[in-house]
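Inside the fold
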Amino acid sequence: MTPRPPLPPFTLETARAKVQAAEDAWNTRDPEKVALAYTEDSVWRNRDEFLTGRAEIVAFLTRKWERELDYALRKELWTYHDNRIAVHFQYECHDPTGHWYRSYGNELWEFTEDGLMARREASINDVPILEHERRIFGPRGS
């Protein structure tokens with residue numbers, strides 16, 4: 001398996017880089033590309049869904065971005081230790097009817113020694129917003 005740097009054990013610098021890499025990947029809204037950061041048998045809890053493996057991750061992300069349009073994400077490092085990282089995030093999107101949402105959440109990540117994520121636990125809450133209340137526009141720097 002090809003290593004996916006930065007590799008654990010994480011330092012402040014490498015944990016921040018890992019979080020930014022995840023944000024950048026998710027902002028592509030490309031399920032196949034995003035799934036490459038996870039082990040073949042990665043285990044996820046996302047809200048009330050439980051997934052195992054890249055094929056389920058790709059299917060989940062495909063469904064997600066078909067209904068969460070103009071998705072734009074920001075992730076922030078919360079803490080790290082050894083091969084684990086905790087992240088706080090916000091993202092905004094609208095549904096096919098044009099209703100906007102800001103979603104807030106926390107993720108717990110666990111990595112293998114080659115830098116792939118083996119486990120992801122995500123708790124997320126959605127808040128309806130008006131379009132003029134948006135704060136997040138595309139990838140950072142956009």
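Each remark here, short or long, concerns the structure printed above.
Our subject in this report is the structure included herewith. Source: prediction; values computed, not measured.

1. Comments concerning the overall build of the protein chain
Helices and strands together make up the secondary structure of the protein chain, namely 3 helices and 6 strands. Counting from the amino terminus, the protein chain carries its helices and strands in the arrangement α-α-β-β-α-β-β-β-β. Projected onto the principal axes, the alpha-carbon positions of the protein chain cover approximately 45 × 30 × 25 Å. The buried share of the protein chain, reckoned over its 142 residues, is 45%. Contacts spanning at least 24 positions in sequence make up 56% of the contacts within the protein chain whose residues lie at least 6 apart. For the protein chain, the accessible surface area stands at approximately 7800 Å², while carbon and sulfur atoms represent 53% of it.

2. Overview of the sheet that holds strand β1 (residues 38-46)
One open sheet accounts for 6 strands, arranged β2-β1-β6-β5-β4-β3; its pairing is mixed. Each having just a single partner strand, β2 (49-52) and β3 (69-81) make up the two edges of the open sheet. Along the sheet, successive strands turn relative to each other by an average axial angle of 20°, direction set aside. Inspection of the sheet shows strand β5 (residues 100-111) paired to strand β6 (residues 117-129) by 12 bridges, in the antiparallel sense. Bridge pairing in β6 places tryptophan 100 opposite isoleucine 129. Sitting on the sheet, helix α1 (residues 12-26) is in contact with β1, β3, β4 (84-94), β5 and β6, with an inclination near 165° to β3. Helix-sheet contacts for helix α3 (residues 54-67) involve β1, β2, β3 and β4, and the interaxial angle to β1 is about 50°.

About the criteria used
- Residues numbered from 1 in each chain as written.
- Predicted model: local features only at pLDDT ≥ 70, side-chain atom pairs only at ≥ 80, totals over all residues.
- Heavy atoms only, no water.
- Helix = DSSP H or I, 4+ residues; strand = E, 2+ residues; numbered from the N terminus.
- Buried < 20%, exposed > 50% of the residue type's maximum accessible area, 1.4 Å probe, protein only.
- Contact = heavy atoms within 4.5 Å.
- Areas by Shrake-Rupley, 256 points an atom, 1.4 Å probe, with all protein chains shown as cover.
- Pairing = 2+ DSSP bridges.
- Axes fitted to C-alpha atoms, helices over the stretch in contact; angles between N-to-C directions.

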